[in-house]
Amino acid sequence: MDTTQVFLGLIAIILAYILWFSNLCRRLNTGPNLWPVVGSLPYLFMNRHRLHDWIAGNLRQTSGTSTYQTCTLAIPFLAYKQGFFTVTCHPKNIEHILRTRFENYPKGPQWQAAFHDLLGQGIFNSDGDTWLLQRKTAALEFTTRTLRQAMNRWVNQTIRTRLWKILETSKNEKKSVDLQDLLLRLTFDNICGLTFGKDPMTLSLGLPDNPFASAFDSATESTLQRLLYPEFLWRLKKVFQFGTEGKLQKCLQVVENYMSSALNARRENPSDDLLSRFINKRDQNGNAFTDDVLKRIALNFVLAGRDTSSVALSWFFWLVMNHPEVEDKIIDELSTVLKQTRGNDPTTWVRDPLQFDEADKLVYLKAALTETLRLYPSVPEDFKYVVNDDVLPDGTMVPAGSTITYSIYSVGRMKTVWGEDCMEFRPERWLSEPVTKSGLRYRFEPPQDGYKFVAFNAGPRTCLGKDLAYLQMKSVASAILLRYRLLPVPGHRVEQKMSLTLFMKNGLKVFVMPRELKGGVGVATCA
Ligand code: HEM
Ligand SMILES: *[C@@H]1O[C@H](CO)[C@@H](O)[C@H](O)[C@H]1NC(C)=O
């Protein structure tokens, strides 16, 4: 064989590939922005800084021009099953994936392989019986009052001893703070307390570095990176400890050591945290969980509950700063409720974070938080693996072995789902007619179709921490808003970070101003 023959052979292979790929693109294409030869690559590249909005735009266009509510994205030069992504945001399709045909849409082997080093077979990273057993065990714990109390205790403590001090200092020194950073630290501390009974105090004056938190961050980041590559590539990198893979191993060791000491501490001195409870549980064969399994279980909860509520709170504060009429109503509701529980003097309202019964009464605040999650869901896109060939309710074919993405971000931004004003921040859409009997003006009313709002997922794998998250978010939101008014730092740009969690790329820089509250017997208003 001479070089010409090799060359011609190569050309033939490339041409065959292009024909095959283009044909697949044509066959699977239900939406815009899928070209022969290059697939969606140029669009993905051009829109890499605004992927969620781009996906929402695609879906809006597709549902406007065809009966499909789904579009396909394709990346050339990858295997068929890794290169084609079906993306949908139609509530009927989402219900099909998350509930009706739950068994056909697990997390899947690629996801599990990527996360295995960090999460093992924990609840967040398993399917089938392994998942079900942990889910059942954990679900029991999450409904107990003691877990709610534990959460409130951790939140209470962080707010009183650290958050308020930091904000007070910032107010007095007239220095801006990155609120997102403070909130990330706060929820990390809370979830560690709740999960294994130890508060790493990453939120403290001076915002110190914490080796465990940094190692955990870095391990999560390197793990997510794996999802961007075909499996054999990161496996190869792992063997040679190359780049992020080398770093991952080091970080995992730090995390491992920290968890070992936490586990030993809980064995000696059990508390009301999740780890202490799992130490006393048995697996399906009646055996106690091994140390390794217990550590993984705990890490899964830390990962599940750490950043989600803080990014939700960051978007909440940003939206509230830009909607003074909503801010007024939140303060108004808080004043009304606290007047009932603590009396007319506003200094008693800001002395302590919320009690349970107070948090339960804050219906408008709950609506504002939920409305935030509709527009800025902490998990913007979620993925499932397709076990067997299937047809979605809108008629889209999904081939076995491929990945289906449901865009939680896009559901909230579809006129067909939320109406003409879907892009507006309007907490009222979650409230019923005024209710006066109980002394509260509104009742919270979730939509009839539970699959219109999936920020906490839905079906058998619904977020277990939803109620705890609302408790925590209400407590933090009230603790900040009752004491302070926040002002955006001029020139600071709030942008989305392209990640599996909807962080603000440059954080949320704010100035902290004092808040005047009006007590007395009349209707309280914000001065
Ligand atoms: C605003 C805050 C939160 C949001 C938006 C949220 C959202 C979600 C979502 C979308 C999932 C599904 C992920 C998937 O399977 O791909 C999930 C699962 C889960 N969440 Fe949350 N979450 C929040 C807070 C929390 C908190 C504070 C905890 C723990 C205390 C928690 C514990 C869990 C657990 C254990 C799962 C796994 C459930 C399972 O797979 O069976 N979440 N959450
Ligand atoms: C918060 O902690 C303080 C001091 O320990 C306590 O007096 C207060 O009752 C706690 N509040 C809640 C809501 O637990």
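Preceding this paragraph is the structure being described.
The present account deals with the structure reproduced in this document.

Cut-offs used in this document
Residues numbered from 1 in each chain as written. Chains lettered and ligands numbered in written order. Predicted model: local features only at pLDDT ≥ 70, side-chain atom pairs only at ≥ 80, totals over all residues. Heavy atoms only, no water. Pairing = 2+ DSSP bridges. Helix = DSSP H or I, 4+ residues; strand = E, 2+ residues; numbered from the N terminus. Contact = heavy atoms within 4.5 Å. Axes fitted to C-alpha atoms, helices over the stretch in contact; angles between N-to-C directions. Near = heavy atom within 4 Å. Polar contact = N/O pair within 3.5 Å; in protein donor to acceptor, adjacent residues only side chain to side chain. 1 Å grid on protein atoms, 1.4 Å probe; cavity = no way out; pocket = protein on both sides within 12 Å on 5 of 7 lines; lining within 4 Å. Points joined across faces, edges and corners; volume = space filled by probe spheres on them. Nonpolar A, V, L, I, M, F, W, Y, C, P; charged D, E, K, R; others polar. Donors = N, O, S within 2.8 Å, 3.2 Å for Na, K, Ca; no water. Areas by Shrake-Rupley, 256 points an atom, 1.4 Å probe, with all protein chains shown as cover. Patch = residues over 30% accessible without salt bridge, like charges linked within 9 Å, V, L, I, M, F, W, Y side chains within 5 Å. Salt bridge = Lys/Arg side-chain N within 4 Å of Asp/Glu carboxyl O. Buried < 20%, exposed > 50% of the residue type's maximum accessible area, 1.4 Å probe, protein only. Expected span 1.5 Å × (residues − 1). Parallel < 35°, antiparallel > 145°, perpendicular 65-115°, else oblique. Left-handed = near helix turned anticlockwise from the far one by under 90°.

**Remarks on the sheet that holds strand β3 (residues 177–178)**
The 3 strands lie next to each other as β3-β9-β8, forming an open sheet whose pairing is antiparallel. Strand pairing shows two members of the sheet lacking a second neighbour, β3 and β8 (484–488), which therefore form its edges. Across the sheet, helix α8 (residues 145–173) lies against β3, β8 and β9 (509–514), angled at about 85 degrees from β9, the strand it touches most.

**Structural notes on the site of ligand 1**
Close to ligand 1 lie 26 residues; W131, R135, D382, R461 and C463 are nearest. The separation between an oxygen atom of ligand 1 and a polar side-chain atom of K107 is 3.1 Å. In the environment of ligand 1, an oxygen atom lies 2.8 Å from a nitrogen or oxygen atom belonging to the side chain of R135. Elements with a minimum of two residues in the shell around ligand 1: α7 (128–142), α9 (179–196), α14 (291–305), α15 (308–321) and α22 (466–483).

**Some remarks on the layout of surface pockets**
There is about 340 Å³ of room inside the second largest pocket. Around the second largest pocket sit 20 residues that line it, and R148, K466, D467, L468 and Y470 are the ones nearest its centre. Of all the elements, α22 adds the most residues to the lining of the second largest pocket, at 6 residues. Residue composition of the lining of the second largest pocket, grouped by class: 10 nonpolar, 3 polar and 7 charged.

**Some details on the coordination of the iron atom of ligand 1**
Between any two of four tetrahedral donors, the ideal angle at the metal is 109.5 degrees; between two of six octahedral donors, it is 90 or 180 degrees. Here the protein supplies the iron atom of ligand 1 with just one donor, C463 (SG), and that contact is 2.3 Å long. By the element assignment, C463 lies in the loop between α21 (415–418) and α22.

**With respect to the sheet that holds strand β4 (residues 381–385)**
The strand order β1-β2-β7-β4 describes an open sheet built from 4 strands, whose pairing is mixed. A single partner strand is all that each edge strand has here, and the edge strands are β1 (70–74) and β4. With strand direction ignored, the average angle separating the axes of adjacent strands in the sheet is 30 degrees. Where β1 meets strand β2 (residues 84–88), 5 bridges bridge the pair, whose relative direction is antiparallel. Its bridge partner lying in β2, L73 is registered against F85. Each of β1, β2, β4 and β7 (403–407) is contacted by helix α5 (residues 91–100), which is oriented at about 125 degrees to β7, the strand it contacts most.

**Thoughts on the site of ligand 2**
As a matter of local geometry, ligand 2 sits amid N152, N156, R160, D352, L354 and Q355. Between an oxygen atom of ligand 2 and a side-chain N or O atom of N156, the distance comes to 2.5 Å. Within the side chain of R160, one N or O atom sits 3.1 Å away from an oxygen atom of ligand 2. Computed on the free molecule, ligand 2 has an accessible area of 360 Å², of which 56% lies beneath the protein chains in the complex. Classifying every residue of the shell around ligand 2 by side-chain character gives 1 nonpolar, 3 polar and 2 charged.

**Describing a nonpolar patch on the surface**
Together, F7, L8, I11 and L15 line one region of the surface with nonpolar side chains, adding up to about 410 Å² of accessible area. Tracing the chain through its elements places F7 in helix α1 (residues 3–28). Residue class for F7 comes out exposed when judged on its relative accessible area of 53%.

**Observations concerning α14**
Look at α14: 21 Å from first C-alpha to last across 15 residues, which is about the 21 Å you get at 1.5 Å a residue. Listed as buried for α14 are L294, K295, R296, I297, A298, L299, N300, F301, V302 and L303. Contacts from the buried residues of α14 go to α6 (109–119), α7, α9, α10 (211–226), α12 (244–268) and α13 (274–279).

**What to know about the environment of V337**
Tracing the chain through its elements places V337 in helix α16 (residues 324–342). Residue V337 is classed as buried on the basis of its relative accessible area of 2%. C-alpha of V337 to C-alpha of A312: the two residues are 25 residues apart in sequence and 24 Å apart in space.

**Observations regarding helix α19 (residues 363–375)**
The terminal C-alpha atoms of α19 lie 19 Å apart, and with 13 residues this matches the ideal 18 Å at 1.5 Å per residue to within 8%. The buried count for α19 comes to 12 of 13 residues, which makes it a mostly enclosed element. All of the buried residues along α19 are V363, Y364, L365, A367, A368, L369, T370, E371, T372, L373, R374 and L375. Buried-residue contacts for α19 involve α15, α16, α18 (356–361), α20 (408–411), α21 and α22.

**Some words on the packing of α6 against α10**
It is at 8 Å that the axes of α6 and α10 come closest, and there the two elements cross at 165 degrees. Viewed along their axes, α6 and α10 adopt a mutual orientation that is roughly antiparallel. Where α6 crosses over α10, the handedness of that crossing is right-handed. Residue-level contacts link A113, A114, F115, D117 and L118 of α6 to F216, A219, T220, T223, L224 and R226 of α10. For the contact of α6 with α10, the per-class residue count stands at 7 nonpolar, 2 polar and 2 charged.

**Points about the pattern of salt bridges**
In total, this model carries 36 salt bridges according to the counting rule given. When the shortest N-O distance is used, the salt bridge between R296 and D292 registers 4.0 Å. One end of the pair, R296, and the other, D292, are both in helix α14, 4 residues apart, so they sit about a helical turn from each other. For R296, a relative accessible area of 15% translates into the label buried. The class for D292 is partly exposed, based on a relative accessible area of 39%. Salt-bridge contacts for K415 lead to E420; the nearest nitrogen and oxygen are separated by 3.9 Å. For E420, a relative accessible area of 67% puts it in the exposed group.

Function cannot be inferred from these measures alone, as they are strictly geometric.
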